[in-house]
Amino acid sequence: MTQYNPKNIEETLKRMEKADELKGIHRSGTNIMSFFDDNDKEHELQKQQSAAELKRDEYLKSVELLKSLIQEKGTKSDLTRILAVGLLIETTDFLNIPPDRKKMLKENMIWCNLQYEKYINEN
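Since this is a predicted model, take the numbers as computed values, not measurements.

**Structural notes on the overall build of the protein chain**
Next up, step 1: Scanning the protein chain from terminus to terminus reveals four helices and zero strands.
Next up, step 2: Taken from the N to the C terminus, the helices and strands of the protein chain come in the order α-α-α-α.
Next up, step 3: Taking all 123 residues of the protein chain together, the buried fraction comes to 19%.
Next up, step 4: Counting contacts in the protein chain only where the partners sit at least 6 residues apart, residues at least 24 apart contribute 65% of the total.

Following this line, the structure appears as structure tokens:
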């Protein structure tokens, strides 16, 4: 039978006490998985920002096309409105768009579609 060495027991108790102290330390910032979680969140945010920028660019191209049609065949009031719609699109944060702005943008894009149909059908 093996005899216990009191020195080993003392060292074991010290290690256990130290482990208890370490358990009390909040380590979410040092956890390797938190690094990957943060990285995934950042990547997802970048994807959303890219999608928002693509949406804005798509809307601006449509407005530019309609603007050129209105300049050729339209009225001054239609031109003023299409310029205002373009400004609305440029100043809108598509990533964090508030509901009232979204509604306003939708209404203006519907108007743009109607105007586009009107000017195309005049040919």
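Anyway, onward from the coordinates.
**Looking at the pattern of salt bridges**
Next up, step 1: One pass over the full model with this rule turns up two salt bridges.
Next up, step 2: Residue Glu44 pairs with Lys47 through a salt bridge whose shortest N-O separation is 3.7 Å. In this pair, Glu44 and Lys47 both sit in helix 2 (residues 32–73), three residues apart, roughly one turn of the helix.
Next up, step 3: One salt bridge connects Lys118 with Asp78, and the closest N-O pair in it is separated by 3.6 Å. Residue Lys118 is found in helix 4 (residues 99–121), and its partner Asp78 is found in helix 3 (residues 76–91); the two are separated by 40 residues along the sequence.

**Some details on the side chain of Asp78**
Next up, step 1: A residue is classified by how much of its surface remains accessible, and Asp78, at 10% relative accessible area, is buried.
Next up, step 2: Look past the residues within four positions of Asp78 in its chain and what remains in contact with it is Ile70, Trp111, Gln115, Lys118 and Tyr119.

**Quick notes on the nonpolar core**
Next up, step 1: With 17 residues, the main nonpolar core has Ile82 and Ile89 as its most contacted residues.
Next up, step 2: Counting residues per element, the ones that place at least two in this core are helix 2, helix 3 and helix 4.
Next up, step 3: The dominant element in this core, judged by the number of residues it contributes, is helix 2, at seven residues.
Next up, step 4: What Ile82 contacts, discounting residues up to four positions off in sequence, is Val63, Leu66, Lys67, Ile70, Trp111 and Cys112.

**Let's talk about a nonpolar patch on the surface**
Next up, step 1: On the surface, a nonpolar cluster with roughly 240 Å² of combined accessible area is contributed by Leu65, Tyr116 and Ile120.
Next up, step 2: Tracing the backbone through its elements, the reader meets Tyr116 in helix 4.
Next up, step 3: Overall, the relative accessible area of 32% leaves Tyr116 in the partly exposed class.

**Quick notes on a negative patch on the surface**
Next up, step 1: Judged by side-chain charge, Asp37, Asp38, Asp40 and Glu42 come together as a negatively charged surface patch.
Next up, step 2: The partly exposed category is assigned to Glu42, whose relative accessible area is 48%.

**Brief notes about the environment of Ser77**
Next up, step 1: Note on placement: Ser77 falls in helix 3.
Next up, step 2: On the basis of relative accessible area, Ser77 is assigned to the exposed category, the value being 51%.
Next up, step 3: Polar side-chain contacts of Ser77 include one of 3.2 Å to the side chain of Thr75.

**Overview of the environment of Lys61**
Next up, step 1: On the secondary structure map, Lys61 appears in helix 2.
Next up, step 2: On a C-alpha basis, the gap between Lys61 and Gly86 in space is 9.5 Å, while along the polypeptide they are 25 residues apart.

**Observations regarding the confidence of the model for the protein chain**
Next up, step 1: Per-chain confidence: the protein chain averages 82 in pLDDT, with 78% of residues scoring 70 or above.
Next up, step 2: The secondary-structure element of the protein chain with the lowest mean pLDDT is helix 1 (residues 6–23), recorded at 70, while helix 3 shows the highest, at 93.

The rules behind these values
- Residue positions are given per chain, counted from 1 along the sequence in the order it is written.
- The predicted nature of this model means local features are confined to residues of pLDDT at least 70 and side-chain atom pairs, given and counted, to a pLDDT of 80 or more, with totals for whole chains, interfaces and linings taken over all residues.
- The basis for the side-chain values is all heavy atoms of the structure; hydrogens and waters are excluded.
- Runs of E in the DSSP output that reach at least two residues are strands. Runs of H or I that reach at least four are helices, and both are numbered from the N terminus.
- For every residue, the accessible area obtained with a 1.4 Å probe (protein chains only) is divided by the maximum for its type, and the residue is called buried under 20%, exposed over 50%, and partly exposed between those limits.
- Every residue pair with non-hydrogen atoms within 4.5 Å of one another is taken to be in contact.
- Here a salt bridge means any side-chain nitrogen of Lys or Arg lying within 4 Å of a carboxyl oxygen belonging to Asp or Glu.
- What is meant by a nonpolar core is a set of buried Ala, Val, Leu, Ile, Met, Phe, Trp, Tyr and Cys residues, joined one to another through side-chain atoms within 4.5 Å.
- Candidates for patches are residues over 30% relative accessible area with no salt bridge; among them, like charges are joined within 9 Å and nonpolar side chains (Val, Leu, Ile, Met, Phe, Trp, Tyr) within 5 Å.
- Exposure was quantified through the Shrake-Rupley algorithm and a 1.4 Å probe, taking into account, for residues, occlusion by the shown protein chains and nothing else.
- Residues scored as positive are Lys and Arg, those scored as negative are Asp and Glu, and His as well as the terminal groups of each chain are ignored.
- By convention, charge coordinates are those of NZ in Lys, CZ in Arg, CG in Asp, or CD in Glu.
- Pairs of N or O atoms within 3.5 Å make up the polar contacts considered here, provided that, within protein, one atom can donate a hydrogen while the other can accept it, and that residues adjacent in sequence are counted only when both atoms are side-chain atoms.
- Values of pLDDT, ranging from 0 to 100, describe the predictor's confidence in every residue of the model.

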